[in-house]
Structure formats: C-alpha cells, structure tokens
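Fold and geometry: a report
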Amino acid sequence: MNNHIKAILWKQLKDTIKNKTILIQFIMFPLMTIVMENAINMEDMPAHFFVNLFGIMYVGMAPLTSIAAIISEEKEKNTLRVLQMCDVKAIEYLIGNAIYIILICMIGSLIIGLAGGYTGINLFWFMLLMFVGHICSFLLGATIGLASKNQMTATSINVPVMIVLSFLPMISMFNETIKKFSKILFSEQLYLLVNNLEQIKITLETGVIMTCNIVLIILIFLVIYKKNRISC
C-alpha cells in the first residue's frame, strides 16, 4: 500500500469521527442487531431473522451512502484540489476510500454475524456474502457520487436506490409480485443465500443474476468514471 492510499485512509478515518451522519451509517445496524436479537424472541420467528435482515439492509445502505456522501461533499467543497497538489491520483483516492469503507463495513458485518450466533463455516459464508454485497454497494455509491454535482443531488439519487436495495428483500417476503422483481437485485439474492447458510447452494439462476449485477455495476461505474473524472 503506497503512501497516498495510506494518507486517504487516515484522512477519512479522522473525517468519520467528525461526520456524525457517516458514523451513524456504520454503527446503526450492528447496534440494532444486538438490541433486537436480545430483546425480541417469538416462537414462530425464523432463526437469525434480524441478523439476516439487518445484514442485507447494512449492505444496501452503509457503503452506498457513505462513499456517495464523501465524493459529492469533496467535489462540492473543492477539497480534492488539496489531494491534487499532493500528486494523489484519482484511482488511489478511490482505492483508499474503498479499503476504508469496506473494512469498516466488514467489521460491522462481523458484529452482526456474531450477534446472531454465527460461528465456523456459517460465519465464513455470511462474511463472504457481506463482502460481495459491500463491494457492489460501494461501486454504486461511488457512481452516484461521481455523477452528482453536489451533496443534495447525491442524496436525491441515493435515497431511492438505498430503499430499493435495502427494503425490497424484506417486502418481498410478503408480496409475490414484488418478489418477482426484486429477485433480479444482488441484495435479494444475498438475502436468499444468507437465509440458507446451513445448506447454502448457489443455483445457476443465482449465479447468473449475481454475475449480471456485478458486471452491470462495474460497467456503469466505468462509464460514469470516464465522463466525470475526479480532479485529483
């Protein structure tokens, strides 16, 4: 890891302490999982219900909103010019933010998994699925941040995307019509997988949908990145 990426990591860690909005994104769902897992116990409730639900909501919210807010804010305030003066490349800036956000989100995911009692191979699969989800969510958020002129624009795009990714898997449990649509989303496929960690099986349909999601997200990111390069 070069010095520029380390500098980005250190900068964002310090900014997180000051930025309560981003900080809340990182700690809200792990904390909610601990509380709900210990406070609610119903006879007909599926095993690991809150862990799996909040885990997927965490994937759909935390990385996406965090990186979009970071990029749009620094574009709006022109703080990227400082990095430019230090010869920081745009790709180094994105890699530094990716390591920072995904690392923190994985720590949060570990807390969520442990709060639900996952251990051994089940915890490994849970963390692997969360990792894939965090990467997809990060790239979507970075795309939104790059395409937005300011924080207000980023937020207006963020909210509907976040709602779709985070809440459709939950709503699809009660509505077959929504389920037919939501199954094309990576968050829905991850939700189905984390609900079957004991006998996890990646079907051809799941593999195709996840691959298409990842490829599409990367392509959209690359297109937006070329059109809206970060000036650093």
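Fair warning: this is a prediction, and the values are worked out from it, not measured in the lab.

On to the overall build of the protein, then. In terms of helices and strands, the protein carries ten helices and zero strands. Seen in sequence order, the protein has helices and strands lined up from the N terminus as α-α-α-α-α-α-α-α-α-α. At 18 Å, the protein has a C-alpha radius of gyration in line with the 17 Å of a compact globule built from 232 residues. Viewed in the frame of its principal axes, the protein has a C-alpha envelope of about 60 × 35 × 30 Å. Taking all 232 residues of the protein together, 45% fall into the buried category.

Evaluation of the coordinates by the stated rule reveals seven aromatic pairs. An angle of 90° between the planes, with centres 6.1 Å apart, marks the rings of Phe 26 and Tyr 100 as edge-to-face. One end of the pair, Phe 26, is in helix 2 (residues 20–39); the other, Tyr 100, is in helix 5 (residues 90–115), with 74 residues separating them in the sequence. You can call Phe 26 buried: its relative accessible area is 4%. Taking 5.8 Å as the distance between ring centres and 25° as the angle between the ring planes, the aromatic pair formed by Phe 50 and Phe 54 counts as stacked. Of this pair, Phe 50 and Phe 54 both sit in helix 3 (residues 49–77), four residues apart, which is roughly one turn of that helix. For the pair Phe 50 and Phe 54, a shared accessibility class is recorded, and that class is buried. Among the aromatic residues, those joined into a ring-pair cluster are Phe 29, Phe 49, Phe 50, Phe 54 and Tyr 58.

With that settled, consider the nonpolar core. By size, the foremost hydrophobic cluster in this structure holds 59 residues, and its most contacted members are Phe 26, Ile 101, Phe 126, Phe 138 and Phe 186. Residue contributions to this core peak at 16 residues, all from helix 3. Ignoring any residue separated from it by four or fewer positions in sequence, one finds Phe 126 in contact with Val 51, Asn 52, Ser 109, Ile 112, Gly 113, Tyr 118, Val 194 and Leu 197.

Let us look at the state of the cysteines. Scanning the entire structure with this criterion turns up zero disulfides. Just so you know, Cys 105 is unpaired, no disulfide at all, and the nearest cysteine sulfur is the one on Cys 136, 13 Å from it. A residue is classified by how much of its surface remains accessible, and Cys 136, at 4% relative accessible area, is buried.

As for its placement among the helices and strands, Leu 9 is situated in helix 1 (residues 3–18). Classification of Leu 9 as buried rests on a relative accessible area of 15%.

Any region with low pLDDT has predicted coordinates that should not be read closely. For the protein, per-residue confidence averages 85 on the pLDDT scale, and 93% of positions sit at 70 or higher. Averaged pLDDT values for the elements of the protein fall to 57 in helix 4 (residues 80–85) and rise to 93 in helix 6 (residues 120–147).

Reading the values: rules and limits
Residues numbered from 1 in each chain as written. Predicted model: local features only at pLDDT ≥ 70, side-chain atom pairs only at ≥ 80, totals over all residues. Heavy atoms only, no water. Helix = DSSP H or I, 4+ residues; strand = E, 2+ residues; numbered from the N terminus. Rg over C-alpha atoms; globule rule 2.2 N^0.38 Å. Buried < 20%, exposed > 50% of the residue type's maximum accessible area, 1.4 Å probe, protein only. Phe/Tyr/Trp six-rings, centres within 6.5 Å; stacked < 30°, edge-to-face > 60°. Core = buried A, V, L, I, M, F, W, Y, C linked by side-chain atoms within 4.5 Å. Contact = heavy atoms within 4.5 Å. Disulfide = S-S within 2.5 Å. pLDDT = per-residue confidence, 0-100.

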